[in-house]
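# Close look at the chain arrangement
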Amino acid sequence: MKENTIALRPYLEAVENICRPLSKEQLIELVLKLAQDESSSGRLGFLDRIKARSPGAENIINAVADVDQLLDDIQALKEEILKRIEAIENGNYEALDDWDWEDTNYDDEPDLISNEQSNDMVALFAEAGTLFLNGDTADARIVYDALFRLMAELEKSDFYLPYPDLDWREERARHARCIYDSSDGKQKIEAFADAMNLDASLRYDKTENNAAYPMLCDVMNARQEKMADLESFYPKWKSLLEEKGLEGRPSTLLLEAVHQTEGIKGVEKLARAWGSAQPNGYLFWLNLLMAEKQFDKASTIARQAITLVKKGKKREELSQVLVEASRSAGNDEGVLEGKFEKFYSSPNDENMSQAMAEAIKLNQRETGLARILNFYSKKKNMSDDEKNLYIKALLMNGNLKNAVEMVKDANSIGWSYGLNVGLVFGCVVAAASGYETGAGAIKQVLNRGLDNWYAYSDRVAVADKKTPSLFFYDEILSGLKAAKLSEYHTGQYFEWAQEIGRKRVDEIVSNTHRGAYDRAAMVLGSLAEVFIAKGETEIAQNLFDQFCKQKYNRHTAFKREVRSVIAGSRLLKTLNPVF
C-alpha cells in the first residue's frame, strides 16, 4: 500500500470514534470547518457529496454506469491499448494521436499507455470501487474481473507498462473481498487464492513478498463489515498456503494466518521450523516481539537467527532488528554488535561506516578497526569491491604502506572503477604535504576517491549524521595523522604518486579524453601542492610549465581546468603560475 494511506475499515472506525462523542452542534461545527477548508474549486464537489449522502436525497448513493456498459468500455480500452502497443512495436509512431516528432528528442519513445487511456483506466476502477462501496458485490466482482484480465493481457508485452497512479494494493484487496463475499464452497478458496496472486513474489527474489499485493488483513479492512465464516476458511487457507512452499508471498500470507489463528506461539513454531530456508519467519516473529516491546527477547532471538543465516540481505535485516531491539533496551554493546553483524552480512560503505561510527562513539575505535581488518585478512581471494573496503580500513588504521602495496601496479587511468587508486593517491599526497589545509587540489582528489561507493547496497545509511564519504574522509585523515609516518616513508610513497600521476595526466590529455580533463588537472595540482608545501616552489612551477606550456600548450580546455583547480587552492594561488 502507498505511504500515508489507510485501509477503509480502520479509517471509518477512526472517523466514527471522533464523531460519536460529539453533540449535534459540535458535529455541525466540524462539518462547517471541513467545508471551509475546501479550495474554491472543490467547494461544489464537497456540496454535491453532502447532498448525495443526506437523508431524504433522491440518490443516496453515487450513480454508476450500467455493468454491461462498463464491460464494453473495458473491452474498447483493451483494444485501443493493444493497437497502440502494436504500432509502437512496429515503429509506426505516426499512428499515435499524442505523438509529435517536433516536440520530442531523438531518443524519446512514446508511452505504451497514453495519458487519455490511463485516465480512462482510472475512471473504470473508480466505477468498480463505487459498486464495491455501495455493496453491489456481484457487479463489482464482474467489473474487477474484467479490469484485472485487461491488466494480465497487457502484461504479456515485453515492454514496461506505465500504469496509472492508483493504490493497486487496495484495488486488489477490494477485488479479493468481492470474490470472498460472493463465492461458496470449494470455489471460494480457489477463486480467492487466484485473486490473491499467490505466485506474485518479487520477480528477482522469490523469497520476498511483493508489497504491491494485499495481505489478508487488507482484504478484511477493505470493507467496514467483517468477513463471514473465517473460522471455516482459515484451515483451508493455511493448508493451501502450506502446499505452495516457502516462496515469499505464500509464506508471508501463511505467517499472517498462523498469527491470526494461533498467536505468536504459532509464528515462533513456524519460524523455527523454517530456519534459514525462509528467514522471513524469524523477521515476522521479531516484528511481533518488537511491537510488544519485548526488546530483550527480540535481541536474543535475533542473535539466534543471525547464526543460522550465513550472509546476505536477510541476515542484514536480522542484524538491523538486533540494533533496534538493543537500542530500545538501552544496550549499547548490543547496538555495536548488531551494526558489525550488518557489515559482516553485507559489506559496504554504509555498513562499515555505521559500525565504525558506533565503535568510535563507545571509545572502541581500535577494537572496531581490528574486527574489520581481521574480517578481510581471512579472505584468500578478494574482488575489487572487497579490496576497496579493505583499503579504507587500512587507511583508517594509518597503514598507508599496505594500501599503496595493493594498488601500486594499477593503471594510471580507469580510476572511476575497479581498484580505488585515486583514494590511495590522494592519501599519499596528503601525507607528503604534511596535511596542508590550504591544499585544495588534494582535497578534491580525496573527495573524488571517496565518492566511489564500490560495494553496492540497496539501503542508504549514514554514520553519525555524516554521509559515508565524509565519515571516511575524517577518519582516514585522523588515522594517517595518528600513525605519524616518517618523512622517509612518505617520500617513498610520493615517488610512486609522482610516477602514476604524471602518467595519468599524459594518458588523459594526449588521448584528448576531454571528459576527464578535470581529473587530470586535480592530479597535476595535487602534485604541485606537495612541492609547494615542502618549500620546493620551483619544482611546482616546472610542473605547470612542462604540462601546460610545453606538452599541452594547445589544449585550451585542459588548461582551463588547471586554472579552475588553481583558483580553488589557497596553496596554488600563492604560486600563481602563468601559462
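Now for a description of the structure that goes with this document. Bear in mind the structure is a predicted one, so any value in this text is a computation, not a measurement. (Residues numbered from 1 in each chain as written. Predicted model: local features only at pLDDT ≥ 70, side-chain atom pairs only at ≥ 80, totals over all residues. Heavy atoms only, no water.)

A separate point is the overall build of the protein. Each helix and strand in the protein was counted, giving 27 helices and zero strands. A compact globule built from 579 residues should have a C-alpha radius of gyration of about 25 Å, whereas the protein, at 32 Å, is more than 25% larger. For the protein, the spread of C-alpha atoms along the three principal axes comes to 95 × 65 × 55 Å. Each of the 579 residues in the protein was classed as buried or not, and the buried ones make up 47%. Taking the contacts inside the protein whose residues are at least 6 apart along the sequence as the reference set, 66% of them involve residues at least 24 apart. Carbon and sulfur atoms make up 47% of the accessible area of the protein, which amounts to about 30,400 Å² in all. The positive charge centre, built from 74 side chains, and the negative charge centre, built from 92, are 9 Å apart in the protein. (Helix = DSSP H or I, 4+ residues; strand = E, 2+ residues; numbered from the N terminus. Rg over C-alpha atoms; globule rule 2.2 N^0.38 Å. Buried < 20%, exposed > 50% of the residue type's maximum accessible area, 1.4 Å probe, protein only. Contact = heavy atoms within 4.5 Å. Areas by Shrake-Rupley, 256 points an atom, 1.4 Å probe, with all protein chains shown as cover. Lys, Arg positive; Asp, Glu negative; His and termini not counted. Charge placed at Lys NZ, Arg CZ, Asp CG, Glu CD.)

A few words on helix H7 (residues 168-182). Taking 1.5 Å per residue as the helical rise, H7 with its 15 residues ought to reach 21 Å, and the 21 Å between its terminal C-alpha atoms agrees with that figure. By the criterion of burial, H7 is predominantly enclosed, with 13 of the 15 residues buried. (Expected span 1.5 Å × (residues − 1).)

What follows is about the pattern of salt bridges. As enumerated under the stated definition, the model contains 22 salt bridges in all. Close ionic contact of Asp 145 with Arg 141 constitutes a salt bridge, the shortest N to O distance being 3.8 Å. Residue Asp 145 and its partner Arg 141 are located together in helix H6 (residues 137-154), separated by four residues, close to a single helical turn. Put simply, Glu 317 and Lys 314 hold a salt bridge, and the shortest N to O gap is 3.5 Å. Residue Glu 317 and its partner Lys 314 are located together in helix H14 (residues 313-328), separated by three residues, close to a single helical turn. Just as Glu 317 is buried, Lys 314 falls in that class too. Connected through shared salt-bridge partners, Arg 177, Asp 181 and Arg 223 make up one network. (Salt bridge = Lys/Arg side-chain N within 4 Å of Asp/Glu carboxyl O.)

When the terminal C-alpha atoms of helix H13 (residues 295-308) are compared, their 20 Å separation across 14 residues agrees well with the 20 Å that a helix rising 1.5 Å per residue should span. All buried positions along H13 are accounted for by Phe 295, Ala 298, Ser 299, Ile 301, Ala 302, Ala 305 and Ile 306. Where H13 is buried, its residues touch helix H11 (248-274), helix H12 (280-291), H14 and helix H15 (332-345).

Before going further, it helps to examine the nonpolar core. In this structure, Phe 425, Trp 496, Phe 544 and Phe 558 are the most contacted members of the largest nonpolar core, which totals 85 residues. Looking at this core, the element that brings in the most residues is helix H24 (residues 517-533), giving eleven residues. In terms of nonpolar packing, the next biggest core, distinct from the first, is built from 78 residues, Leu 150, Tyr 180, Ala 222 and Val 258 among them. (Core = buried A, V, L, I, M, F, W, Y, C linked by side-chain atoms within 4.5 Å.)

Moving on to a nonpolar patch on the surface. Taken together, Ile 6, Tyr 11 and Val 15 make up a surface patch of nonpolar side chains, about 260 Å² in accessible area. Mapped onto the elements, Ile 6 comes out in the segment before helix H1 (8-19). (Patch = residues over 30% accessible without salt bridge, like charges linked within 9 Å, V, L, I, M, F, W, Y side chains within 5 Å.)

The next subject is the side chain of His 175. By the secondary structure assignment, His 175 is in helix H7. The exposure class assigned to His 175 is buried, which follows from its relative accessible area of 8%. Leave out the neighbours within four places in its chain, and His 175 touches Tyr 144, Asp 145, Phe 148 and Ala 195.

What follows covers the packing of H12 against H13. Viewed as axis vectors pointing N to C, H12 and H13 meet at an angle of 165°, and their least axial separation amounts to 9 Å. Looking at the two axes, H12 sits roughly antiparallel to H13. Both H12 and H13 take part in a crossing whose hand is left-handed. Residues Tyr 282, Trp 285, Leu 286, Leu 289 and Met 290 of H12 form the contact with H13, whose participating residues are Phe 295, Lys 297, Ala 298, Ile 301, Ala 302, Ala 305 and Leu 308. (Axes fitted to C-alpha atoms, helices over the stretch in contact; angles between N-to-C directions. Parallel < 35°, antiparallel > 145°, perpendicular 65-115°, else oblique. Left-handed = near helix turned anticlockwise from the far one by under 90°.)

Right, let's talk about unusual backbone geometry for a bit. A positive phi angle is found at Asn 197, which is not glycine, with a value near 50°. Position of Asn 197 among the secondary structure elements: in the loop between helix H8 (185-195) and helix H9 (216-221). One non-glycine residue, Asn 363, lies in positive phi territory at about 60°. Structurally, the position occupied by Asn 363 is in the loop between helix H16 (349-361) and helix H17 (365-377). According to the relative accessible area criterion, Asn 363 is exposed, its value standing at 73%.

Further remarks concern the packing of H14 against H15. At a minimum axis distance of 8 Å, the contact between H14 and H15 shows a crossing angle of 170°. Taken together, the axis directions place H14 and H15 in an arrangement best described as roughly antiparallel. Touching Arg 315, Glu 316, Ser 319, Gln 320, Leu 322, Val 323, Ser 326 and Arg 327 of H14 are Gly 334, Val 335, Glu 337, Gly 338, Lys 339, Glu 341, Lys 342, Tyr 344 and Ser 345, all from H15. Looking at side-chain class alone, the contact of H14 with H15 contains four nonpolar, six polar and seven charged residues. (Nonpolar A, V, L, I, M, F, W, Y, C, P; charged D, E, K, R; others polar.)

Our next topic: the packing of aromatic side chains. Throughout the structure, instances matching the rule amount to 25 aromatic pairs. Ring centres 6.2 Å apart and planes at 50° place the aromatic pair Phe 125 and Tyr 144 in the tilted group. Note that Phe 125 is positioned in helix H5 (residues 115-133) and Tyr 144 in helix H6, a separation of 19 residues in sequence. Per residue, the accessibility class of Phe 125 equals that of Tyr 144, and both read buried. Ring geometry for Phe 375 and Tyr 376: centres 5.1 Å apart, planes at 80°, overall edge-to-face. You can call Tyr 376 buried: its relative accessible area is 1%. Cluster of aromatic residues (ring-pair linked, three or more members): Phe 340, Phe 343, Tyr 344, Phe 375, Tyr 376 and Tyr 390. Between Lys 188 and the ring centre of Tyr 180, over which it is positioned, the NZ or CZ distance is 4.0 Å. Directly above the aromatic system of Phe 340 lies the positively charged group of Arg 371, at a separation of 4.1 Å from the ring centroid. (Phe/Tyr/Trp six-rings, centres within 6.5 Å; stacked < 30°, edge-to-face > 60°. Lys NZ or Arg CZ within 6 Å of the ring centre and 35° of its normal.)

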